[in-house]
Amino acid sequence: MPIRLILIFLLSLWAFDSLATNKPLPLPRFAALRSSEVNVRTGPGARYEVKWVLVKKDMPVEITAEFDQWRKIRDVNGDEGWVHKSMLYGQRSGVINTASAERVTLYKSADTMSKPVLFVENGVTGELLTCKREWCRMKIEGTKGWTLRQNLWGVYKDEEFE
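(A) Main features of the state of the cysteines. Taken as a whole, this structure holds one disulfide when the rule is applied. With a sulfur-sulfur separation of 2.1 Å, C131 is cross-linked through a disulfide to C136. Its torsion about the S-S bond being 115°, the disulfide of C131 and C136 is classed as right-handed.

Next up, the structure:
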């Protein structure tokens, strides 16, 4: 019996410590859509009208504000609205977004002289694996490659991560 009480006490301390050190995440930040159908509302709550429905799972969105369980998001087109936090997750993704109509090249390494591994159209979404300096490594439909950061929406200008 005393061992059980000690275990309960230790678990309680761990849980309290986890809650006490749970710091809010910075704003703005990027996240991805968890579902292939996400209602975007005019305000932070289910009683607010649905403005539109996002229909692309893993699409990157920028979280710009928080209210309780709701997140104000901005999409690649600059449209804003509110979604429940359960519709988002922290996996990083990027969408090919260039001003030109030309396809974007993914390279084997972070060098335009390296071998092209994939040519991608505007609007294609992929998983962001790492971003260093002006290059980001992505995975699109099973193919991994590097592209210039300027070709992407879903990562900040000077943001680096692995």
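Additional details are given in the paragraphs that follow.
(B) Molecular detail of the side chain of R29. Assignment of secondary structure puts R29 in strand 1 (residues 29–33). The class of R29 is buried, set by a relative accessible area of 15%. Engagement of the side chain of R29 in a polar contact is seen with the side chain of E66, the distance being 2.5 Å. Residues contacting R29, with those up to four places away along its chain left out, are V61, E62, I63, E66, R71 and Y156.

(C) Inspection of the pairing of strand 13 (residues 143–148) at higher detail. Pairing between strand 12 (residues 135–140) and strand 13: six bridges, direction antiparallel. By the bridge assignment for strand 13, W135 is matched with L148. In textbook terms, the turn of a hairpin is the stretch between consecutive antiparallel strands, and for strand 12 and strand 13 this stretch comprises two residues, one of which, E141, has a positive phi near 45°.

(D) Spatial organisation of unusual backbone geometry. The peptide bond linking L27 to P28 adopts the cis configuration, its omega dihedral lying at -10°. Notably, E141 is not glycine yet its phi reads approximately 45°, a positive angle. With respect to the element layout, E141 can be found in the loop between strand 12 and strand 13.

(E) The pairing of strand 9 (residues 104–107), seen in detail. The side-chain alternation of strand 9 yields two buried faces, one formed by V104 and L106 and the other by T105 and Y107. Of the strand pairs in this sheet, strand 9 and strand 10 (residues 116–120) are connected by four bridges, and their pairing is antiparallel. Bridged to V104 within strand 10 is V120.

(F) Looking closely at the nonpolar core. Counting residues in hydrophobic clusters, the biggest one holds 12 residues: I96, V104, L106, V120, L128, C131, C136, M138, I140, L152, V155 and F161. Of all elements in the fold, only strand 9, strand 11 (125–132) and strand 12 reach the threshold of two or more residues within this core. For this core, the leading source of residues is strand 12, giving three residues. Non-local contacts of V104, meaning those with residues more than four positions away in its chain, are made with I96, T98, L118, F119, V120, T147 and N151. Counting residues in hydrophobic clusters, the runner-up holds 11 residues, among them L54, M59, V61 and I63.

(G) How the structure looks around the environment of D75. By the secondary structure assignment, D75 is in the loop between strand 5 (70–74) and strand 6 (80–84). Along the chain, D75 and L54 lie 21 residues apart, while their C-alpha atoms are 9.3 Å from each other. Setting aside residues no more than four positions away along its own chain, D75 makes contact with W52, L54, M59 and W153.

(H) How the structure looks around the side chain of N151. Here N151 shows up in the loop between strand 13 and strand 14 (152–153). Its relative accessible area of 12% is what places N151 among the buried residues. One polar contact links N151 to T147, side chain to side chain, over a distance of 2.9 Å. Other than its neighbours up to four places away in sequence, N151 contacts V95, I96, N97, T98 and V104.

Definitions and cut-offs
- Residues numbered from 1 in each chain as written.
- Predicted model: local features only at pLDDT ≥ 70, side-chain atom pairs only at ≥ 80, totals over all residues.
- Heavy atoms only, no water.
- Disulfide = S-S within 2.5 Å.
- Helix = DSSP H or I, 4+ residues; strand = E, 2+ residues; numbered from the N terminus.
- Buried < 20%, exposed > 50% of the residue type's maximum accessible area, 1.4 Å probe, protein only.
- Polar contact = N/O pair within 3.5 Å; in protein donor to acceptor, adjacent residues only side chain to side chain.
- Contact = heavy atoms within 4.5 Å.
- Pairing = 2+ DSSP bridges.
- Core = buried A, V, L, I, M, F, W, Y, C linked by side-chain atoms within 4.5 Å.

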